[in-house]
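# Commentary on secondary and tertiary structure
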Protein chains: 2
Amino acid sequence: MNNLINLVNENLERFMDTAYPNELFESMRYTVLLPGKRLRPVMCLETCRMLGGNIEDAIPTACAIEMYHAMTLIHDDLPCMDNDDFRRGKPTNHKVFGEATAVLAGDALLTYAPQIITKHSKNLGSDKLLKLLEEYFQYAGAYGVIAGQVVDIESEKKYPKNAAETLNFIHTHKTADLFKLAIRSGAIIANATDKQIADLTDFAEKLGFAFQISDDILDEISTFEEMGKTLGKDKTAEKLTYTNLYGIENAKCKLTCLLDECYDRIQESVVFKEIIDAIKKRVGI
Amino acid sequence: MNNLINLVNENLERFMDTAYPNELFESMRYTVLLPGKRLRPVMCLETCRMLGGNIEDAIPTACAIEMYHAMTLIHDDLPCMDNDDFRRGKPTNHKVFGEATAVLAGDALLTYAPQIITKHSKNLGSDKLLKLLEEYFQYAGAYGVIAGQVVDIESEKKYPKNAAETLNFIHTHKTADLFKLAIRSGAIIANATDKQIADLTDFAEKLGFAFQISDDILDEISTFEEMGKTLGKDKTAEKLTYTNLYGIENAKCKLTCLLDECYDRIQESVVFKEIIDAIKKRVGI
C-alpha cells in the first residue's frame, strides 16, 4: 500500500501546476498536497491492477479523484458549511488564503480534476475517456457526493422523520459515491466486464458505508491530536450520524459486520485487506 | 435573436432536473432559469448556424454554457465574494436558499453542465464530445474564468502596479473566456476549420472585452431598476475597472472602437449585429 501512496503523491505533485495567478494555484496545491491516506486513489489503482490492467493507465484518474476529494474538503470547511479551522493538522484553506480564494480554488479543482484525465489519458482512446468523465460527472455531481452533502446539512437543521432512510442516503452519496467512482474507474480502465463492475460497485458501497461509520465513531472517541481536525462537533450539533442514531456499540457492531463482508469479497487483494485492517485499527475493533 | 432566446429558455427548462434533494435542484434551477439575455448560448447557436452546422446539435452545449454562467453568478454573489443581495431583479441564490446550499448548488452546476453535453450530444461522436469537454475545462476552469475572478478579487485589495496589464488579464479571462467558449464550441460542432476557429476566437475576445467595458460603464451610469442588481459598488470599492482606470469618456471611446471592429468582422450574421447593437444601446453610444 505504501508503494501506491508514494506513486499517488509523486504524481499529484507533478500534476498540480504552478501558474498565474499564483494565489489560485497555491491554494489548490495547498489542500491537494496536504499529507493524507490517499485511500481513494489507491483504491482506483489497486482495482485496475487486480483486474489485470496497467496501473500506469490509472494514475491520472486516480489523482483526479484525490483532487476532487480535496475540493470537497475545502468547501466543507468554509464558515458557511462546517466552519472548521484545521484539516489534516494544518489550518484549513480559507484560514490561509481567505474565503473568496478558497471558494474559487474549490471551483477550479472541480474542472481541473477531469481536465487531468483528458490531458494525461489520451492513450485510453476517446470512448473510454468519455466513459471515465461520465462516471465523474455522475458520482461527483448533483446526483452523487453533492446530493449527500446537501442532505447532510439539511439534517443538521432539523432531524428528519425518516431518519434511518435519510442517514442511508447521506452515507451512500456523501462518502460511498466517491469510493464507487474510484473503484469503478479503475475497473473501467482495466476493461472489466459489466458483471465485475456491478460486483465491485456493491463492494465499494459497503466499504464506503463502513468508512463513514468509522468516521462517525471517531468523531466521538478520538482526539484532535490523532485526527488533525476538530472533533465532537457532530454530537454537539445533534447531527444525523450513525452513532447519534443507533449508539456507539451498535455502530461498532455494524462496522464489524460490514468490514467482514468486505474482507470475504476481496481476498485476492492485499491492499484492500490493508485498507480494511486500517479502518478496524482506527476505531479499535 | 428572440427565436434563439426562446429556444434556449425552453431547453434550459427541460434540462434542469427536479430530483431529490429538492433543495439542491430547486436552488440550481432558481438561478439558471432567472430571466436573462442568454447572450452566451445564443452566440454558440448562432456561430454553429453561421458555419452551416445544425443548430439542434448545439443546443445541449449552449445550455451547458448558460448553466456554467449561472454557477459563476451564484458564487460571485456570496457574502465572501461580492456580497450581492439582488441579481436580475430577484434575491440572490444564497438569500433564498442559504449560503451552504448556494455554495453546493454552484458546485453541482460545475459538473451538471458538462454532464448535459455528454448526455444529450451522443450523436456528435466521442471525438467531438471530448473536444467540447476539453474546451469547457480549459475556458471555465483554473486557466480561464476562475483565473480572471481571482485576479479581479486581488485587485480590489490592492491596486497593482501593472494596472493596465492586470485589467487586461481580468477582462480576457473573467468575461471574454466564456464568450470564446460559447463561440468556439458552436464552431467545433459545425466542423469549422482551424483558421475559422482562430478568427472567431479573436472576434470573441474583442466582443468579450467590449461587453465587460460596457458593464464597467453601466456600473457607474445605470440604476438598480434598469439592471436588477446593486450598482456603483465598483467605484466605491476602487476596483480595477476600465472606467476607474481610464475614465468614462475613454471607456466609451474604446468600446465604440471595439464594437465597430466586431461589426465589420461579422457582417454575415444578423444575430451578432443585434448583440452588438444591444451593447451600444445599453450604454447609449
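The following refers to the structure shown.

Calculation notes
- Residues numbered from 1 in each chain as written.
- Chains lettered and ligands numbered in written order.
- Predicted model: local features only at pLDDT ≥ 70, side-chain atom pairs only at ≥ 80, totals over all residues.
- Heavy atoms only, no water.
- Phe/Tyr/Trp six-rings, centres within 6.5 Å; stacked < 30°, edge-to-face > 60°.
- Buried < 20%, exposed > 50% of the residue type's maximum accessible area, 1.4 Å probe, protein only.
- Contact = heavy atoms within 4.5 Å.
- Buried area = accessible area lost by both parts, 1.4 Å probe.
- Salt bridge = Lys/Arg side-chain N within 4 Å of Asp/Glu carboxyl O.
- Disulfide = S-S within 2.5 Å.
- Core = buried A, V, L, I, M, F, W, Y, C linked by side-chain atoms within 4.5 Å.
- Helix = DSSP H or I, 4+ residues; strand = E, 2+ residues; numbered from the N terminus.

### Here we look at the packing of aromatic side chains
A full pass over the atoms with the stated rule returns 18 aromatic pairs over all chains. Centre to centre, the rings of Tyr-136 of chain A and Phe-137 of chain A are 6.1 Å apart; their planes meet at 70°, and the pair counts as edge-to-face. Among the residues examined, Phe-137 of chain A registers a relative accessible area of 1% and is labelled buried. Relative to Phe-97 of chain B, the ring of Tyr-30 of chain B lies with its centre 5.6 Å away and its plane at 70°, an arrangement referred to as edge-to-face.

### Let's talk about the interface of chain A and chain B
Counting residues at the interface gives 48 residues for chain A and 47 residues for chain B. When chain A packs against chain B, close to 4200 Å² is buried across both sides, 71% of that on carbon and sulfur atoms. At the surface where chain A touches chain B, the tally comes to two salt bridges. A salt bridge links Glu-134 of chain B to Lys-122 of chain A; the shortest N-O distance between them is 2.4 Å.

### Let's talk about the state of the cysteines
Here, disulfide denotes a covalent bond that connects the sulfur atoms of two cysteines. Scanning the model with the defined rule gives zero disulfides over all chains in all. With no disulfide of its own, Cys-80 of chain A lies 6.9 Å from the sulfur of Cys-80 of chain B, the closest cysteine sulfur. Here Cys-63 of chain B is not disulfide-linked; the sulfur of Cys-44 of chain B is the nearest cysteine sulfur, at 9.1 Å. Cys-63 of chain B sits in the buried class, given a relative accessible area of 1%.

### A short note on the nonpolar core
Residues Met-28, Met-67 and Leu-207 of chain A together with Met-28, Met-67 and Leu-207 of chain B are the most contacted members of the largest nonpolar core, which totals 200 residues. The residues contacting Met-28 of chain B, other than those within four sequence positions of it, are Ala-142 of chain A together with Met-16, Ala-105, Ala-108, Leu-109 and Tyr-112 of chain B.

### A few points about the environment of Phe-15 of chain B
All names here are of chain B. Along the chain, Phe-15 falls in helix α1 (residues 2-15). For Phe-15, a relative accessible area of 4% puts it in the buried group. Remark: the alpha-carbon pair of Phe-15 and His-120, spanning 105 residues in sequence, is separated by 9.3 Å. Apart from the residues within four sequence positions on either side, Phe-15 is in contact with Ile-59, Pro-60, Cys-63, Met-67, Tyr-112, Ile-116 and His-120.

### A closer look at the pattern of salt bridges
Counted under the stated rule, the structure contains 40 salt bridges over all chains. Among the salt bridges present, the one from Asp-77 of chain A reaches Arg-87 of chain A, with a minimum N-O distance of 2.9 Å. Taken together, the residues Asp-77 of chain A in the loop between α4 (55-76) and β1 (86-87) and Arg-87 of chain A in strand β1 connect sequence positions 10 residues apart. Residue class for Arg-87 of chain A comes out buried when judged on its relative accessible area of 12%. A salt bridge links Lys-195 of chain B to Asp-199 of chain B; the nearest nitrogen and oxygen atoms lie 2.7 Å apart. Of this pair, Lys-195 of chain B and Asp-199 of chain B both sit in helix α10 (residues 194-221), separated by four residues, roughly a single helical turn. Under the relative-accessibility criterion, Lys-195 of chain B is labelled exposed at 56%. Asp-199 of chain B gets classed as partly exposed once you look at its relative accessible area, which sits at 37%. When salt bridges with common partners are traced through the structure, they connect Asp-152, Glu-156, Lys-174 and Lys-239 of chain A into a single cluster.

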